[in-house]
Amino acid sequence: MVWSDALLTKEERSKLLGAKNVGATLWVTGLSGSGKSTIAAALEKKLLERGVNAYRLDGDNIRFGLNAGLGFSAADREENLRRIGEVSALFADAGVVAITSFISPYRASRDKARQIHEKRGLPFVEVFAYVPLEVAEARDPKGLYKKARAGQLKNFTGIDDPYEEPLRPEVTLPTHQLSVEQSCDKLIEQLYERGVLKRK
Ligand code: ADP
């Protein structure tokens, strides 16, 4: 199979849609509890309020739908992320600002998602939601760290499974130091710098 380029360029599509943006993917990675979903939800709302078509891909709409058949083995986790990479690229190609929030602990799978986008000329922004493990564990919004510490949850990232920090993320958000508002501002600024949002 050969990927066939769309007849329309990103800019042509954007113009025909009357859009204020071109498509892109913001790939938010970080420990459980680092604030990925909180920031993704806040950013999605801010972008929509500006008339920018944004859409979140997260565990709720991916794990229970497209990837319902996948479990948590290493192979299934990799396949989960591969599909998320492909789906986010389709959203981005359709002119949407896709915001993914998955731990995505391995550099190799994040790099693969980046390659899928870059090969197709789609902007890809790796966003590192960074907090020290102690902070994430103290937040423990879903009670998962407690379960992992008690041995009820195996292979939990940060506890008994590694998290490979991004080496060159486009944006780092230390969410123990930045408010949700400040994190969103940094991301919006990045979208302007990348030409995803247009300055008028
Ligand atoms: P993740 O999606 O990375 O697992 P969540 O967004 O579900 O993380 O949880 C992060 C928790 O931390 C939430 O309860 C959120 O309210 C809290 N929190 C506190 N301060 C911040 C901040 N500045 N940015 C993001 N989340 C924060």
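Quick caveat, the model's predicted, so the values are computed rather than measured.

K.L.:
Help me understand the side chain of Asp 161 in this model?
P.N.:
Here Asp 161 shows up in the loop between α7 (144-149) and β5 (171-174). Separated by 3.3 Å, the side chains of Asp 161 and Tyr 106 make a polar contact.

K.L.:
Is there a simple way to explain the environment of Ala 68 in this structure?
P.N.:
Relative to the elements of secondary structure, Ala 68 occurs in the loop between α3 (59-66) and α4 (74-93). When the C-alpha positions of Ala 68 and Glu 11 are compared, they lie 35 Å apart, and in sequence the two are 57 residues distant. Non-local contacts of Ala 68, meaning those with residues more than four positions away in its chain, are made with Ile 62 and Arg 63.

K.L.:
Help me out: how do you make sense of the site of the ligand in this one?
P.N.:
Taken together, 15 residues surround the ligand, and among them Gly 33, Lys 36, Ser 37, Thr 38 and Leu 178 come closest. The separation between an oxygen atom of the ligand and a polar main-chain atom of Leu 31 is 3.4 Å. Backbone polar atom of Thr 175 to a nitrogen atom of the ligand: 2.9 Å apart, as the coordinates give it. Starting from 570 Å² of accessible surface for the ligand in isolation, the protein chains cover 74%.

K.L.:
I'm lost on the packing of α4 against helix α5 (residues 107-119) in this one. Help?
P.N.:
To describe two helices that pack against each other, one gives the angle between their axes and the distance between the axes. It is the contact of α4 with α5, at a shortest axis distance of 9 Å, that shows an interaxial angle of 25°. Between α4 and α5, the interaxial angle falls into the category roughly parallel. With respect to the hand of their crossing, α4 and α5 are arranged in right-handed fashion. Where α4 approaches α5, its residues Glu 78, Leu 81, Arg 82, Gly 85, Glu 86, Ser 88, Ala 89 and Ala 92 are matched on the opposing element by Ser 109, Lys 112, Ala 113, Ile 116 and His 117. Taken together, the residues of the contact of α4 with α5 sort by class into 5 nonpolar, 4 polar and 4 charged.

K.L.:
Hey, could you run me through the pattern of salt bridges in this one?
P.N.:
Opposite charge on two side chains permits pairing when their charged atoms draw close. Under the criterion given, the structure shown has 16 salt bridges. The shortest N-O distance in the salt bridge between Glu 86 and Arg 120 comes to 3.0 Å. Of this pair, Glu 86 sits in helix α4 while Arg 120 sits in the loop between α5 and β4 (124-130), and the two are 34 residues apart along the sequence. Among the residues examined, Arg 120 registers a relative accessible area of 21% and is labelled partly exposed. Linking Arg 114 and Glu 118 is a salt bridge whose minimum nitrogen-to-oxygen distance equals 3.5 Å. On the criterion of helical spacing, the pair formed by Arg 114 and Glu 118 is a turn pair, its members being 4 residues apart in helix α5. What makes Arg 114 buried here is its relative accessible area of 14%.

How each quantity is defined
Residues numbered from 1 in each chain as written. Predicted model: local features only at pLDDT ≥ 70, side-chain atom pairs only at ≥ 80, totals over all residues. Heavy atoms only, no water. Helix = DSSP H or I, 4+ residues; strand = E, 2+ residues; numbered from the N terminus. Polar contact = N/O pair within 3.5 Å; in protein donor to acceptor, adjacent residues only side chain to side chain. Contact = heavy atoms within 4.5 Å. Near = heavy atom within 4 Å. Areas by Shrake-Rupley, 256 points an atom, 1.4 Å probe, with all protein chains shown as cover. Axes fitted to C-alpha atoms, helices over the stretch in contact; angles between N-to-C directions. Parallel < 35°, antiparallel > 145°, perpendicular 65-115°, else oblique. Left-handed = near helix turned anticlockwise from the far one by under 90°. Nonpolar A, V, L, I, M, F, W, Y, C, P; charged D, E, K, R; others polar. Salt bridge = Lys/Arg side-chain N within 4 Å of Asp/Glu carboxyl O. Buried < 20%, exposed > 50% of the residue type's maximum accessible area, 1.4 Å probe, protein only.

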